[in-house]
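Okay, here's what each chain looks like letter by letter:
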Amino acid sequence: MQTHTLVGWHVDMEFAEDGNRTKAAALLRLSDGTECRGHGRADRHPTDPEQLRVGEEIAGARALMDIAGQLMDKAHAEIDEVVGHPTHPLRWAALDDSRDDARRARREW
């Protein structure tokens, strides 16, 4: 079986450090011109050691999960359009929780 790559996606990620908080903003550009922007944050407990990379990894992962939710919504809207009726979106509890966090992070960015 032969596979072909049709498109490639690139994600730009920025981080901001503010005391015990790390914020991440991600931008994904799709081949159809759509831009998905995701936000995430990580809060370090004051007694934890300072590990900037860990905060970036957590905030970055949450920003990517925000984008994942947007991609799921976009895909379902496109499916609904083709089939002519609403479909049942896939559910993932971690994604739903992450999207709540992303809304909070977006307000703070």
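What counts and what doesn't
- Residues numbered from 1 in each chain as written.
- Predicted model: local features only at pLDDT ≥ 70, side-chain atom pairs only at ≥ 80, totals over all residues.
- Heavy atoms only, no water.
- Helix = DSSP H or I, 4+ residues; strand = E, 2+ residues; numbered from the N terminus.
- Polar contact = N/O pair within 3.5 Å; in protein donor to acceptor, adjacent residues only side chain to side chain.
- Expected span 1.5 Å × (residues − 1).
- Buried < 20%, exposed > 50% of the residue type's maximum accessible area, 1.4 Å probe, protein only.
- Pairing = 2+ DSSP bridges.

This part takes up the side chain of arginine 41. When you line up the elements, arginine 41 lands in strand β3 (residues 35-43). Within the structure, arginine 41 has its side chain in polar contact with the side chain of aspartate 43 (distance 3.2 Å).

Right, let's talk about helix α1 (residues 52-83) for a bit. An α-helical turn contains 3.6 residues, so any two residues separated by three or four positions project in the same direction. Taking 1.5 Å of rise per residue, the 32 residues of α1 would be expected to cover 46 Å, and the 47 Å separating its terminal C-alpha atoms lies within 8% of that figure. What α1 keeps buried is the set Gly55, Ala59, Gly60, Ala63, Asp66, Ile67, Gly69 and His76. One or two positions beyond α1, positive phi appears at glycine 84, with a value near 85°.

The next point concerns the environment of arginine 62. Its location among the elements puts arginine 62 in helix α1. What makes arginine 62 partly exposed here is its relative accessible area of 31%. C-alpha separation for the pair arginine 62 and glycine 40, spaced 22 residues apart in sequence, amounts to 4.6 Å.

The subject of this paragraph is the pairing of strand β1 (residues 10-18). Pairing of β1 with strand β2 (residues 21-29), which is carried by 9 bridges, proceeds in the antiparallel orientation. Its bridge partner lying in β2, methionine 13 is registered against alanine 26. Between β1 and β2, which pair antiparallel one after the other, the connecting turn spans 2 residues, and glycine 19 there sits at a positive phi close to 65°.

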